[in-house]
Amino acid sequence: MKTENNKFAKAEMLIRKPVSEVFQAFIDPEITSKFWFTKGSQKLEEGKKTEWTWEMYGFSLSVTTHVLQENKKIVIEWGNPDETTLVEWIFTPLNENETFVSITNSGLKGDSDKIIDQVRNSTEGFTLVLAGAKAYLEHQLQLNLVLDRFPKGLA
């Protein structure tokens, strides 16, 4: 049985930092740019649009923040105007120095092949984002995972 609810991608990771620090890393482009996109026009704010840019790929997109519950949840809408999806972060503090982050990208549309492709790309992408966030927040290492995923010269 196919329902709209099963068309999503998910990635999860434990980050050994307090929930407030992990949450800030995803709403503040000064921090997020260390492990994901290269520029953000402003901090995420509920009901507001911001622009995220990946300069290495010459790509920008508009992000609308629908939900911002401090240290708990972020929900954004992003994508091409006719193909937007929702991305939801859930931040679960396990103790004062450990946060479990779950990222779900939902609302994927299209035929089976297109949805499978979107699930694969989104799961891979958000796994790299979480691994990069973990390395940066825990060890101050910038692994360039998003940058190096599609190196110049490779098709």
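Residues numbered from 1 in each chain as written. Predicted model: local features only at pLDDT ≥ 70, side-chain atom pairs only at ≥ 80, totals over all residues. Heavy atoms only, no water.

A. Highlighting the sheet that holds strand 1 (residues 8-15). One open sheet accounts for seven strands, arranged 1-7-6-5-4-3-2; its pairing is antiparallel. Every interior strand has two partners, whereas the edge strands, strand 1 and strand 2 (39-40), have only one. Sheet strands in contact with helix 1 (residues 19-27) are strand 1, strand 4 (59-69), strand 5 (73-78), strand 6 (85-95) and strand 7 (98-106), and its direction is about 160° off that of strand 6. Sheet strands in contact with helix 3 (residues 112-139) are strand 1, strand 5, strand 6 and strand 7, and its direction is about 15° off that of strand 1. (Pairing = 2+ DSSP bridges. Helix = DSSP H or I, 4+ residues; strand = E, 2+ residues; numbered from the N terminus. Contact = heavy atoms within 4.5 Å. Axes fitted to C-alpha atoms, helices over the stretch in contact; angles between N-to-C directions.)

B. Just the nonpolar core, in detail. Membership of the largest hydrophobic core comes to 32 residues, with the highest contact counts inside it found for Phe 26, Trp 36, Trp 52, Trp 78 and Trp 89. Contributing elements (two or more residues each) for this core: strand 1, helix 1, strand 3 (49-54), strand 4, strand 5, strand 6, strand 7 and helix 3. In this structure Trp 89 touches Phe 26, Trp 36, Trp 52, Lys 72, Lys 73, Ile 74, Ile 76, Val 101, Ser 102, Ile 103 and Phe 126, once residues within four positions along its chain are discounted. (Core = buried A, V, L, I, M, F, W, Y, C linked by side-chain atoms within 4.5 Å. Buried < 20%, exposed > 50% of the residue type's maximum accessible area, 1.4 Å probe, protein only.)

C. Structural view of the UniProt feature "domain: Activator of Hsp90 ATPase homologue 1/2-like C-terminal" (unreviewed entry) in the protein. Under the present numbering, the feature "domain: Activator of Hsp90 ATPase homologue 1/2-like C-terminal" (unreviewed entry) in UniProt falls on residues 18-137. Counted over residues 18-137, helix gives 32% and strand 38%. Its end C-alpha atoms are 10 Å apart. (UniProt positions renumbered as here; feature names shortened; annotations may be inferred.)

D. Geometry of the pattern of salt bridges. Under the defined criterion, the tally for this structure stands at nine salt bridges. In this structure, Glu 98 engages Arg 16 in a salt bridge whose closest nitrogen and oxygen atoms are separated by 3.6 Å. With Glu 98 in strand 7 and Arg 16 in the loop between strand 1 and helix 1, this residue pair connects regions lying 82 residues apart in the sequence. Residue class for Glu 98 comes out partly exposed when judged on its relative accessible area of 21%. Residue class for Arg 16 comes out partly exposed when judged on its relative accessible area of 44%. Glu 88 is paired through a salt bridge with Lys 73; the nearest N and O atoms lie 3.5 Å apart. A residue pair is termed long-range when its members are at least 10 positions apart, and Glu 88 in strand 6 and Lys 73 in strand 5 qualify at 15 residues. (Salt bridge = Lys/Arg side-chain N within 4 Å of Asp/Glu carboxyl O.)

E. A look at the pairing of strand 6. Pairing analysis gives six bridges linking strand 5 to strand 6, with the strands arranged antiparallel. Paired with Trp 78 across the two strands is Thr 85, which belongs to strand 6. Turn length for the strand 5-strand 6 hairpin, with the two strands adjacent in sequence and antiparallel, is six residues, and the turn residue Gly 79 shows positive phi of about 115°. Alignment of strand 6 against strand 7, held across nine bridges, turns out to be antiparallel. Bridging from a neighbouring strand, Ile 90 pairs with Ser 102 of strand 7. Where strand 6 folds back on strand 7, the antiparallel hairpin that results is connected by two residues.

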